[in-house]
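# Structural overview
Listed here are the chains, written in short residue letters.
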Amino acid sequence: MASIGSKPVTKFRGDPAIFGTLVEDHDHHRQLLAQIEQTHGASTERKQLFAELTAEIKGHAAAEEQALWSTVLRKPEITEDGRHAVAEHKEMDDLLEELAATDMATGGWLLKFKKVKEEYLHHIKEEEQELFVSVEKKLSKDDKSYMDSIFKQRKGAEKAKARKAS
Ligand SMILES: [Fe+2]
Ligand SMILES: [Fe+2]
């Protein structure tokens, strides 16, 4: 199995409410990104891992928006954090679409993949180290555990929807 490399330090890893659940997903995405980087050409392994990564990232982003960012957007003092995260989700969607439209057998695919990897690692690190830190202070314990249940309810359904669409 490919080495995941370094997992940036975050106080949210292992947190029992929504932020711990989100970081657990992020770590899974880091693992998938590292695995895909070691695949070659239009191999079955690359195809399967890329389909899994795409469904994971899209399902995670949709459920994260429904559980967390939608509430954050309604709070004026932190709305900018929500706008930032949602805008990056849209950018990631576009990058994934561009990558899906590129021939996997060419070297261009891996180059574009590396761009996706870089952008996504930036996104999740920023969430963990800046955005979650900022918004956590404005959410109550009840908010956070409610959000965790919404995320867990929605993630599977959104992932299945993303898989169907691709
Ligand atoms: Fe996100
Ligand atoms: Fe996230």
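Here goes a summary of the coordinates provided. These numbers were taken from a predicted model, which means no experiment stands behind them. (Residues numbered from 1 in each chain as written. Chains lettered and ligands numbered in written order. Predicted model: local features only at pLDDT ≥ 70, side-chain atom pairs only at ≥ 80, totals over all residues.)

Let us now look at the overall build of the chain. In terms of regular secondary structure, the chain is built from five helices and zero strands. Secondary structure elements of the chain occur, N-terminal to C-terminal, as α-α-α-α-α. A globule of 166 residues ought to have a C-alpha radius of gyration of about 15 Å, and the chain, at 16 Å, matches this closely. Projected onto the principal axes, the alpha-carbon positions of the chain cover approximately 50 × 30 × 25 Å. (Helix = DSSP H or I, 4+ residues; strand = E, 2+ residues; numbered from the N terminus. Rg over C-alpha atoms; globule rule 2.2 N^0.38 Å.)

With that settled, consider the nonpolar core. Of all hydrophobic cores here, the largest spans 18 residues; its most connected members are Ile18, Phe19, Ala67 and Leu68. Contributions of two or more residues to this core are made by α1 (18-37), α2 (44-73), α4 (107-136) and α5 (141-165). Setting aside chain neighbours within four positions, we find Ala67 in contact with Ile18, Met147, Ile150, Phe151 and Arg154. Ranked by size, the runner-up nonpolar core spans 12 residues in total, among them Ile36, Phe50, Ile57 and Leu96. (Core = buried A, V, L, I, M, F, W, Y, C linked by C-beta atoms within 7 Å. Buried ≥ 20, exposed ≤ 12 C-beta atoms within 10 Å, placed from the backbone. Contact = placed C-beta atoms within 7 Å.)

In contact at an axis separation of 11 Å, α1 and α4 are set at 165 degrees when each is read in the N-to-C sense. Accordingly, the angle class assigned to the pair α1 and α4 is roughly antiparallel. As α1 packs across α4, the resulting crossing turns out to be left-handed. Together, Phe19, Val23, His26, His29, Leu33, Ile36 and Glu37 of α1 and Phe113, Lys117, Tyr120, Ile124, Glu128, Phe132 and Glu136 of α4 make up the contact between the two elements. Of the residues belonging to the contact of α1 with α4, the class tally is eight nonpolar, two polar and four charged. (Axes fitted to C-alpha atoms, helices over the stretch in contact; angles between N-to-C directions. Parallel < 35°, antiparallel > 145°, perpendicular 65-115°, else oblique. Left-handed = near helix turned anticlockwise from the far one by under 90°. Nonpolar A, V, L, I, M, F, W, Y, C, P; charged D, E, K, R; others polar.)

Quick look at the environment of Glu91 now. With respect to the secondary-structure elements, Glu91 resides in helix α3 (residues 79-100). Its 12 C-beta neighbours within 10 Å are what place Glu91 among the exposed residues. Taking the C-alpha atoms as reference, Glu91 lies 16 Å from Ala101; in sequence the two are 10 residues apart.

Its 22 residues give α3 an end-to-end C-alpha distance of 32 Å, which sits within 8% of 32 Å, the value for a rise of 1.5 Å per residue. Buried positions along α3 lie against α2 and α4. (Expected span 1.5 Å × (residues − 1).)

Next up on the list: the environment of Ile124. Here Ile124 shows up in helix α4. Of the residues examined, Ile124 has 22 C-beta atoms within 10 Å and is grouped as buried.

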